[in-house]
Amino acid sequence: MDSSEAQYKRLTETPVKSLIPRLAIPTVISMLITMLYNAADTYFVSKISLAASGATGILLSLMGVVQAFGFMYGQGAGSNISRRLGARDIEAAKRYCSTAYFSALAVGLIILIFGLVFIEPIMLFLGSTQTILPYAISYGRWILIAAPAMTTSFVMNNILRFEGMAKLAMIGLTTGGILNIVLDPLLIFTFGLGAAGAAIATVIGNISTDIYYVIFILKKSRRMSIDPRLMKIPGSDILGVLKIGIPGALTNLMSSFAGTLLNRSILPWGTDAVAALGIANKVNMITIMVMVGFGFGAQPLIGYAYGSGNRKRLWEVVRFNLLCESVVSLSLMAAIMIFAGPLVRIFMTDPSIVSYGTEMLRVLQCGMLFQGIVLVITCVFQSIGKGLGALLLSVGRQGVFLLI
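### Re empty space enclosed by the protein
According to the stated counting rule, one finds two cavities of 30 Å³ or more in the structure shown. Of the pockets and cavities examined, the largest cavity occupies roughly 50 Å³. Mapped onto the lining of the largest cavity, the elements with two or more residues apiece are helix 8 (166–190) and helix 9 (195–219). Grouping the amino acids of the lining of the largest cavity by side-chain chemistry returns two nonpolar, eight polar and no charged. In this structure, the second largest cavity occupies an estimated 40 Å³ of space. What lines the second largest cavity is Asn 38, Asp 41, Thr 56, Leu 59, Leu 60, Met 63, Tyr 139 and Lys 282. Where the lining of the second largest cavity is concerned, the elements lending two or more residues are helix 2 (16–46) and helix 3 (50–86).

### A closer look at helix 12 (residues 299–307)
With seven of its nine residues buried, helix 12 lies for the most part within the structure. Gly 309 sits one or two residues past helix 12 and shows a positive phi near 80°.

### Re the state of the cysteines
Tallied over the full model, the rule gives zero disulfides. Between Cys 97, a cysteine without a disulfide, and Cys 379, which holds the nearest cysteine sulfur, the sulfur-to-sulfur distance is 20 Å. Given a relative accessible area of 0%, Cys 97 falls into the buried group. Lacking any disulfide linkage, Cys 324 is separated from the closest cysteine sulfur, that of Cys 379, by 13 Å. Since its relative accessible area comes to 13%, Cys 324 is described here as buried.

### Quick look at the packing of helix 3 against helix 6 (residues 133–145)
Relative orientation of the contacting elements helix 3 and helix 6 amounts to 35°, with a least axis distance of 8 Å. Classified by chirality, the crossing of helix 6 by helix 3 is right-handed. Residue-level contacts link Ala 51, Ala 52, Ala 55, Thr 56, Leu 59, Leu 62 and Met 63 of helix 3 to Tyr 135, Ala 136, Tyr 139, Gly 140, Ile 143 and Leu 144 of helix 6. Looking at side-chain class alone, the contact of helix 3 with helix 6 contains 11 nonpolar, two polar and no charged residues.

### With respect to the packing of aromatic side chains
Under the defined criterion, the tally for this structure stands at seven aromatic pairs. Between Tyr 43 and Phe 44 the ring centres are 5.2 Å apart and the planes differ by 80°, which places this aromatic pair in the edge-to-face class. Seen in terms of ring centroids, Phe 114 and Phe 118 are 4.9 Å apart; in terms of plane orientation they differ by 45°. Their pairing is tilted.

So, how was this worked out
- Residue positions within a chain follow its written sequence, with the count starting from 1.
- Local features in this predicted model are restricted to residues whose pLDDT is 70 or higher, and side-chain atom pairs enter the listing and the counts only when it is 80 or higher, whereas totals over whole chains, interfaces and linings include all residues.
- Remark: hydrogens and water are excluded; side-chain values derive from all non-hydrogen atoms of the structure.
- Using protein atoms alone on a 1 Å grid, points that fit a 1.4 Å probe yet trap it form a cavity, whereas open point sets bounded by protein on both sides within 12 Å along at least five of seven lines form a pocket; residues with an atom within 4 Å of a point count as lining.
- Grid points are joined across faces, edges and corners, and a volume is the space filled by probe spheres set on the points.
- Comment: elements are numbered from the N terminus, with helices defined as DSSP H or I runs of at least four residues and strands as E runs of at least two.
- Any residue outside Ala, Val, Leu, Ile, Met, Phe, Trp, Tyr, Cys, Pro, Asp, Glu, Lys and Arg is labelled polar, Gly included; the first ten of those are nonpolar and the last four are charged.
- Exposure is judged per residue with a 1.4 Å probe applied to protein chains only, and the accessible area is read against the type maximum: over 50% gives exposed, under 20% gives buried, and values in between give partly exposed.
- The criterion for a disulfide is a pair of cysteine sulfur atoms lying within 2.5 Å.
- Convention adopted: a line fitted to C-alpha atoms gives each axis, helices being fitted over their contacting stretch, and angles between N-to-C directions are expressed from 0 to 180 degrees.
- Each crossing gets its hand from how the near helix is turned against the far one by less than a right angle, where anticlockwise is left-handed and clockwise is right-handed.
- By definition, residues are in contact when any of their heavy atoms lie within 4.5 Å.
- The pairing test for Phe, Tyr and Trp rings, Trp by its six-membered ring, is centres within 6.5 Å, and the orientation test on the planes gives stacked under 30 degrees, edge-to-face over 60, and tilted for anything in between.

Now the structure itself:
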(Lines give C-alpha, C1' and ligand atoms only; values in the text may rest on other atoms or scores of the structure.)
Protein backbone atom coordinates (compact mmCIF):
# COMPACT_ATOMS: atom_id res chain seq x y z
CA MET A 1 0.00 0.00 0.00
CA ASP A 2 1.53 3.37 -1.04
CA SER A 3 1.61 6.41 1.25
CA SER A 4 -1.36 8.09 -0.48
CA GLU A 5 -3.60 5.07 0.04
CA ALA A 6 -2.43 4.67 3.66
CA GLN A 7 -3.22 8.32 4.36
CA TYR A 8 -6.66 7.95 2.77
CA LYS A 9 -7.49 4.96 4.95
CA ARG A 10 -6.15 6.69 8.08
CA LEU A 11 -8.38 9.73 7.61
CA THR A 12 -11.51 7.83 6.54
CA GLU A 13 -11.40 4.75 8.80
CA THR A 14 -9.47 5.48 12.04
CA PRO A 15 -11.85 6.00 15.01
CA VAL A 16 -12.66 9.68 15.47
CA LYS A 17 -12.04 9.80 19.24
CA SER A 18 -8.43 8.71 18.82
CA LEU A 19 -7.68 10.52 15.54
CA ILE A 20 -8.91 14.03 16.40
CA PRO A 21 -6.55 14.41 19.40
CA ARG A 22 -3.65 13.08 17.30
CA LEU A 23 -4.34 15.71 14.63
CA ALA A 24 -5.31 18.46 17.06
CA ILE A 25 -2.36 18.28 19.47
CA PRO A 26 0.33 19.07 16.84
CA THR A 27 -1.91 21.89 15.60
CA VAL A 28 -2.33 23.20 19.15
CA ILE A 29 1.46 23.11 19.59
CA SER A 30 1.83 25.05 16.33
CA MET A 31 -0.65 27.66 17.53
CA LEU A 32 1.02 27.95 20.93
CA ILE A 33 4.47 28.32 19.38
CA THR A 34 3.10 31.17 17.26
CA MET A 35 1.67 32.75 20.39
CA LEU A 36 4.88 32.10 22.33
CA TYR A 37 7.18 33.89 19.92
CA ASN A 38 4.77 36.83 19.80
CA ALA A 39 4.81 36.86 23.61
CA ALA A 40 8.62 36.63 23.57
CA ASP A 41 8.75 39.72 21.37
CA THR A 42 6.58 41.58 23.89
CA TYR A 43 8.63 40.35 26.86
CA PHE A 44 12.03 41.33 25.47
CA VAL A 45 10.84 44.58 23.87
CA SER A 46 9.18 45.61 27.16
CA LYS A 47 12.69 45.73 28.66
CA ILE A 48 13.47 48.63 26.30
CA SER A 49 10.62 50.97 27.26
CA LEU A 50 6.87 51.19 27.81
CA ALA A 51 6.38 52.79 24.39
CA ALA A 52 8.31 49.98 22.70
CA SER A 53 6.08 47.41 24.43
CA GLY A 54 3.02 49.30 23.20
CA ALA A 55 4.34 49.02 19.63
CA THR A 56 4.22 45.22 19.75
CA GLY A 57 0.52 45.40 20.59
CA ILE A 58 -0.11 47.80 17.71
CA LEU A 59 1.73 45.50 15.28
CA LEU A 60 -0.49 42.53 16.20
CA SER A 61 -3.18 44.03 13.99
CA LEU A 62 -0.79 44.42 11.05
CA MET A 63 0.44 40.85 11.43
CA GLY A 64 -3.17 39.72 11.54
CA VAL A 65 -3.81 41.38 8.17
CA VAL A 66 -0.76 39.72 6.61
CA GLN A 67 -1.71 36.33 8.04
CA ALA A 68 -5.30 36.77 6.83
CA PHE A 69 -4.22 36.49 3.21
CA GLY A 70 -2.19 33.38 4.00
CA PHE A 71 -5.27 31.89 5.62
CA MET A 72 -7.44 32.95 2.68
CA TYR A 73 -5.46 30.96 0.13
CA GLY A 74 -4.37 28.25 2.57
CA GLN A 75 -7.81 27.44 3.93
CA GLY A 76 -9.53 27.96 0.58
CA ALA A 77 -7.14 25.63 -1.23
CA GLY A 78 -6.82 23.26 1.75
CA SER A 79 -10.56 22.70 1.98
CA ASN A 80 -10.74 21.88 -1.73
CA ILE A 81 -7.62 19.70 -1.51
CA SER A 82 -8.96 17.55 1.34
CA ARG A 83 -12.24 17.03 -0.52
CA ARG A 84 -10.39 16.22 -3.78
CA LEU A 85 -8.14 13.76 -1.95
CA GLY A 86 -11.25 12.27 -0.33
CA ALA A 87 -12.49 11.71 -3.89
CA ARG A 88 -8.97 10.41 -4.87
CA ASP A 89 -8.24 13.26 -7.34
CA ILE A 90 -4.51 13.88 -6.66
CA GLU A 91 -3.80 15.94 -9.80
CA ALA A 92 -6.46 18.48 -8.86
CA ALA A 93 -4.95 18.71 -5.36
CA LYS A 94 -1.55 19.58 -6.88
CA ARG A 95 -3.08 22.34 -9.00
CA TYR A 96 -4.80 23.88 -5.98
CA CYS A 97 -1.55 23.80 -3.98
CA SER A 98 0.51 25.56 -6.66
CA THR A 99 -2.14 28.18 -7.36
CA ALA A 100 -2.55 29.03 -3.68
CA TYR A 101 1.19 29.33 -3.05
CA PHE A 102 1.99 31.69 -5.90
CA SER A 103 -1.17 33.76 -5.37
CA ALA A 104 -0.22 34.30 -1.72
CA LEU A 105 3.34 35.19 -2.73
CA ALA A 106 2.04 37.88 -5.07
CA VAL A 107 -0.26 39.33 -2.40
CA GLY A 108 2.58 39.34 0.13
CA LEU A 109 4.73 41.38 -2.26
CA ILE A 110 1.89 43.87 -2.77
CA ILE A 111 1.48 44.26 1.01
CA LEU A 112 5.24 44.80 1.36
CA ILE A 113 5.36 47.59 -1.24
CA PHE A 114 2.14 49.34 -0.20
CA GLY A 115 2.98 49.09 3.50
CA LEU A 116 6.46 50.56 3.18
CA VAL A 117 5.15 53.51 1.15
CA PHE A 118 2.40 54.37 3.66
CA ILE A 119 3.92 53.02 6.87
CA GLU A 120 3.43 56.10 9.09
CA PRO A 121 -0.31 56.64 8.37
CA ILE A 122 -0.86 52.88 8.72
CA MET A 123 0.70 52.85 12.20
CA LEU A 124 -1.39 55.86 13.26
CA PHE A 125 -4.54 54.21 11.91
CA LEU A 126 -3.79 51.03 13.87
CA GLY A 127 -3.85 53.07 17.10
CA SER A 128 -0.28 54.22 17.64
CA THR A 129 0.27 57.25 19.86
CA GLN A 130 2.98 59.77 19.00
CA THR A 131 5.13 58.27 21.76
CA ILE A 132 4.76 54.75 20.36
CA LEU A 133 5.02 55.77 16.68
CA PRO A 134 8.84 55.62 16.21
CA TYR A 135 8.96 52.11 17.69
CA ALA A 136 5.92 51.00 15.67
CA ILE A 137 7.52 52.19 12.42
CA SER A 138 10.84 50.53 13.24
CA TYR A 139 9.11 47.24 14.14
CA GLY A 140 6.50 47.43 11.38
CA ARG A 141 9.01 47.99 8.57
CA TRP A 142 10.53 44.57 9.15
CA ILE A 143 7.17 42.86 9.55
CA LEU A 144 6.23 44.22 6.11
CA ILE A 145 9.50 42.87 4.66
CA ALA A 146 8.49 39.45 6.01
CA ALA A 147 4.99 39.65 4.45
CA PRO A 148 5.70 37.40 1.41
CA ALA A 149 7.25 34.70 3.63
CA MET A 150 4.41 34.99 6.15
CA THR A 151 1.64 34.65 3.57
CA THR A 152 3.22 31.66 1.83
CA SER A 153 4.20 29.85 5.04
CA PHE A 154 0.62 30.15 6.32
CA VAL A 155 -0.64 28.78 3.00
CA MET A 156 1.56 25.69 3.27
CA ASN A 157 0.80 25.22 6.97
CA ASN A 158 -2.94 25.18 6.25
CA ILE A 159 -2.62 22.90 3.23
CA LEU A 160 -0.55 20.37 5.19
CA ARG A 161 -3.14 20.43 7.99
CA PHE A 162 -6.02 19.83 5.58
CA GLU A 163 -4.03 16.96 4.10
CA GLY A 164 -3.87 15.42 7.57
CA MET A 165 -0.13 16.08 8.04
CA ALA A 166 -0.42 18.10 11.24
CA LYS A 167 2.96 16.96 12.62
CA LEU A 168 4.85 18.26 9.59
CA ALA A 169 2.91 21.52 9.75
CA MET A 170 3.88 21.75 13.42
CA ILE A 171 7.58 21.12 12.74
CA GLY A 172 7.70 24.02 10.27
CA LEU A 173 6.10 26.54 12.62
CA THR A 174 8.01 25.26 15.64
CA THR A 175 11.37 25.56 13.85
CA GLY A 176 10.69 29.18 12.90
CA GLY A 177 9.23 30.00 16.31
CA ILE A 178 12.16 28.64 18.31
CA LEU A 179 14.60 30.45 16.03
CA ASN A 180 12.65 33.68 16.61
CA ILE A 181 12.76 33.26 20.40
CA VAL A 182 16.50 32.50 20.43
CA LEU A 183 17.31 35.48 18.20
CA ASP A 184 15.16 38.00 20.12
CA PRO A 185 17.56 38.78 23.01
CA LEU A 186 20.58 38.40 20.74
CA LEU A 187 19.41 40.99 18.20
CA ILE A 188 17.66 43.34 20.67
CA PHE A 189 20.40 43.58 23.32
CA THR A 190 23.66 42.02 22.09
CA PHE A 191 23.56 43.75 18.71
CA GLY A 192 21.70 46.79 20.09
CA LEU A 193 18.95 46.79 17.43
CA GLY A 194 16.12 47.51 19.89
CA ALA A 195 12.52 46.91 18.77
CA ALA A 196 13.74 46.38 15.19
CA GLY A 197 15.75 43.38 16.47
CA ALA A 198 12.56 41.61 17.57
CA ALA A 199 11.03 42.25 14.17
CA ILE A 200 14.14 40.98 12.35
CA ALA A 201 13.96 37.80 14.45
CA THR A 202 10.33 37.40 13.29
CA VAL A 203 11.43 37.86 9.66
CA ILE A 204 14.15 35.19 9.97
CA GLY A 205 11.75 32.79 11.72
CA ASN A 206 9.09 33.12 9.03
CA ILE A 207 11.54 32.74 6.17
CA SER A 208 12.96 29.60 7.82
CA THR A 209 9.45 28.14 8.15
CA ASP A 210 8.68 28.88 4.52
CA ILE A 211 11.94 27.27 3.34
CA TYR A 212 11.16 24.12 5.37
CA TYR A 213 7.70 23.79 3.79
CA VAL A 214 8.99 24.38 0.25
CA ILE A 215 11.76 21.78 0.62
CA PHE A 216 9.29 19.22 1.98
CA ILE A 217 6.78 19.79 -0.82
CA LEU A 218 9.44 19.69 -3.55
CA LYS A 219 11.38 16.70 -2.22
CA LYS A 220 8.97 14.41 -0.37
CA SER A 221 5.30 15.07 -1.12
CA ARG A 222 3.54 12.96 -3.74
CA ARG A 223 0.20 14.69 -3.42
CA MET A 224 1.24 18.36 -3.23
CA SER A 225 3.23 20.52 -5.65
CA ILE A 226 4.70 24.03 -5.96
CA ASP A 227 4.98 24.45 -9.73
CA PRO A 228 3.89 27.63 -11.58
CA ARG A 229 3.03 25.47 -14.60
CA LEU A 230 0.21 23.91 -12.57
CA MET A 231 -1.59 27.22 -12.04
CA LYS A 232 -4.28 26.13 -14.47
CA ILE A 233 -7.37 25.55 -12.37
CA PRO A 234 -10.66 26.74 -13.95
CA GLY A 235 -12.22 30.06 -13.00
CA SER A 236 -15.01 28.26 -11.19
CA ASP A 237 -12.44 26.46 -9.03
CA ILE A 238 -10.67 29.74 -8.25
CA LEU A 239 -14.01 31.06 -7.05
CA GLY A 240 -14.31 27.89 -4.97
CA VAL A 241 -11.00 28.70 -3.26
CA LEU A 242 -12.04 32.29 -2.59
CA LYS A 243 -15.51 31.25 -1.42
CA ILE A 244 -13.93 29.27 1.40
CA GLY A 245 -10.81 31.36 1.82
CA ILE A 246 -12.41 34.79 2.13
CA PRO A 247 -14.34 33.85 5.31
CA GLY A 248 -11.07 32.48 6.72
CA ALA A 249 -9.32 35.72 5.82
CA LEU A 250 -12.16 37.78 7.26
CA THR A 251 -11.85 35.94 10.56
CA ASN A 252 -8.28 37.25 10.84
CA LEU A 253 -9.10 40.65 9.35
CA MET A 254 -12.01 41.10 11.73
CA SER A 255 -9.74 40.15 14.61
CA SER A 256 -7.31 42.85 13.46
CA PHE A 257 -10.23 45.23 13.00
CA ALA A 258 -11.44 44.48 16.53
CA GLY A 259 -7.92 45.04 17.87
CA THR A 260 -7.66 48.35 16.02
CA LEU A 261 -11.04 49.51 17.36
CA LEU A 262 -10.02 48.62 20.90
CA ASN A 263 -6.63 50.31 20.54
CA ARG A 264 -8.20 53.49 19.21
CA SER A 265 -10.98 53.47 21.80
CA ILE A 266 -8.49 53.51 24.70
CA LEU A 267 -6.14 56.16 23.27
CA PRO A 268 -7.58 58.81 25.64
CA TRP A 269 -6.31 56.72 28.58
CA GLY A 270 -2.73 56.98 27.30
CA THR A 271 0.23 54.70 26.68
CA ASP A 272 -0.32 52.65 29.86
CA ALA A 273 -3.73 51.48 28.68
CA VAL A 274 -2.53 50.71 25.14
CA ALA A 275 0.40 48.66 26.49
CA ALA A 276 -1.87 46.84 28.95
CA LEU A 277 -4.31 45.90 26.19
CA GLY A 278 -1.46 44.55 24.07
CA ILE A 279 -0.32 42.33 26.95
CA ALA A 280 -3.88 41.19 27.75
CA ASN A 281 -4.44 40.27 24.11
CA LYS A 282 -1.23 38.23 24.05
CA VAL A 283 -2.22 36.21 27.14
CA ASN A 284 -5.80 35.88 25.86
CA MET A 285 -4.38 34.18 22.79
CA ILE A 286 -3.46 31.13 24.91
CA THR A 287 -7.10 30.06 25.07
CA ILE A 288 -7.81 31.09 21.50
CA MET A 289 -4.83 29.24 20.06
CA VAL A 290 -5.69 25.99 21.85
CA MET A 291 -9.30 26.21 20.67
CA VAL A 292 -8.19 26.99 17.12
CA GLY A 293 -5.88 23.96 17.27
CA PHE A 294 -8.78 21.61 18.06
CA GLY A 295 -11.02 23.28 15.47
CA PHE A 296 -8.38 23.06 12.75
CA GLY A 297 -7.35 19.56 13.80
CA ALA A 298 -10.75 18.21 12.81
CA GLN A 299 -10.83 19.89 9.38
CA PRO A 300 -9.07 17.17 7.35
CA LEU A 301 -11.44 14.56 8.80
CA ILE A 302 -14.43 16.70 7.87
CA GLY A 303 -13.11 17.30 4.35
CA TYR A 304 -12.28 13.65 3.71
CA ALA A 305 -15.60 12.44 5.15
CA TYR A 306 -17.56 14.93 3.06
CA GLY A 307 -15.52 14.24 -0.10
CA SER A 308 -16.00 10.47 0.26
CA GLY A 309 -19.73 10.85 0.99
CA ASN A 310 -19.54 9.41 4.55
CA ARG A 311 -22.11 11.61 6.34
CA LYS A 312 -22.25 9.40 9.44
CA ARG A 313 -18.54 9.90 10.08
CA LEU A 314 -18.89 13.63 9.33
CA TRP A 315 -21.42 14.17 12.12
CA GLU A 316 -19.43 11.99 14.50
CA VAL A 317 -16.43 14.30 13.96
CA VAL A 318 -18.53 17.44 14.53
CA ARG A 319 -20.12 16.18 17.77
CA PHE A 320 -16.81 15.06 19.28
CA ASN A 321 -15.10 18.30 18.28
CA LEU A 322 -17.83 20.37 19.96
CA LEU A 323 -17.30 18.38 23.16
CA CYS A 324 -13.52 18.93 23.01
CA GLU A 325 -13.90 22.67 22.43
CA SER A 326 -16.35 23.06 25.31
CA VAL A 327 -14.09 21.28 27.82
CA VAL A 328 -10.95 23.10 26.65
CA SER A 329 -12.50 26.59 26.59
CA LEU A 330 -14.09 26.34 30.04
CA SER A 331 -10.95 24.86 31.65
CA LEU A 332 -8.59 27.48 30.24
CA MET A 333 -11.01 30.32 30.88
CA ALA A 334 -11.20 29.42 34.56
CA ALA A 335 -7.42 29.06 34.93
CA ILE A 336 -6.56 32.32 33.17
CA MET A 337 -9.18 34.35 35.03
CA ILE A 338 -7.79 33.08 38.36
CA PHE A 339 -4.16 33.81 37.43
CA ALA A 340 -4.77 36.94 35.33
CA GLY A 341 -2.68 39.23 37.55
CA PRO A 342 0.46 37.06 37.70
CA LEU A 343 0.24 36.41 33.95
CA VAL A 344 0.20 40.14 33.18
CA ARG A 345 3.10 40.76 35.59
CA ILE A 346 5.29 38.39 33.56
CA PHE A 347 5.49 41.15 30.96
CA MET A 348 5.27 44.37 32.99
CA THR A 349 5.30 45.09 36.73
CA ASP A 350 4.08 48.68 36.59
CA PRO A 351 1.02 48.78 38.96
CA SER A 352 -1.10 50.80 36.53
CA ILE A 353 -0.46 48.41 33.64
CA VAL A 354 -1.03 45.34 35.82
CA SER A 355 -4.35 46.76 37.03
CA TYR A 356 -5.54 47.64 33.53
CA GLY A 357 -4.25 44.40 32.02
CA THR A 358 -5.76 42.10 34.66
CA GLU A 359 -9.23 43.58 34.27
CA MET A 360 -9.00 43.54 30.45
CA LEU A 361 -7.81 39.92 30.39
CA ARG A 362 -10.67 38.69 32.58
CA VAL A 363 -13.24 40.44 30.41
CA LEU A 364 -11.69 39.02 27.21
CA GLN A 365 -11.96 35.48 28.62
CA CYS A 366 -15.66 35.66 29.46
CA GLY A 367 -16.99 34.60 26.05
CA MET A 368 -14.60 31.75 25.29
CA LEU A 369 -17.17 28.92 25.43
CA PHE A 370 -19.33 30.60 22.80
CA GLN A 371 -16.28 31.47 20.72
CA GLY A 372 -15.30 27.79 20.72
CA ILE A 373 -18.74 26.71 19.49
CA VAL A 374 -18.70 29.32 16.71
CA LEU A 375 -15.20 28.22 15.76
CA VAL A 376 -16.24 24.58 15.31
CA ILE A 377 -19.23 25.51 13.16
CA THR A 378 -17.11 27.89 11.07
CA CYS A 379 -14.53 25.14 10.49
CA VAL A 380 -17.29 22.76 9.39
CA PHE A 381 -18.62 25.27 6.84
CA GLN A 382 -15.09 25.88 5.52
CA SER A 383 -14.25 22.18 5.27
CA ILE A 384 -17.38 21.19 3.33
CA GLY A 385 -17.19 24.16 0.96
CA LYS A 386 -20.11 26.21 2.36
CA GLY A 387 -18.53 29.65 2.21
CA LEU A 388 -21.63 31.73 2.95
CA GLY A 389 -22.20 30.22 6.39
CA ALA A 390 -18.53 30.72 7.32
CA LEU A 391 -18.68 34.28 5.98
CA LEU A 392 -21.73 35.23 8.05
CA LEU A 393 -20.21 33.83 11.23
CA SER A 394 -16.87 35.55 10.63
CA VAL A 395 -18.32 38.96 9.85
CA GLY A 396 -20.95 38.75 12.57
CA ARG A 397 -18.72 37.69 15.48
CA GLN A 398 -15.99 40.31 15.21
CA GLY A 399 -17.63 42.83 12.91
CA VAL A 400 -21.34 43.56 13.13
CA PHE A 401 -21.90 42.52 16.75
CA LEU A 402 -18.67 44.16 17.92
CA LEU A 403 -19.78 47.47 16.45
CA ILE A 404 -23.18 47.15 18.10
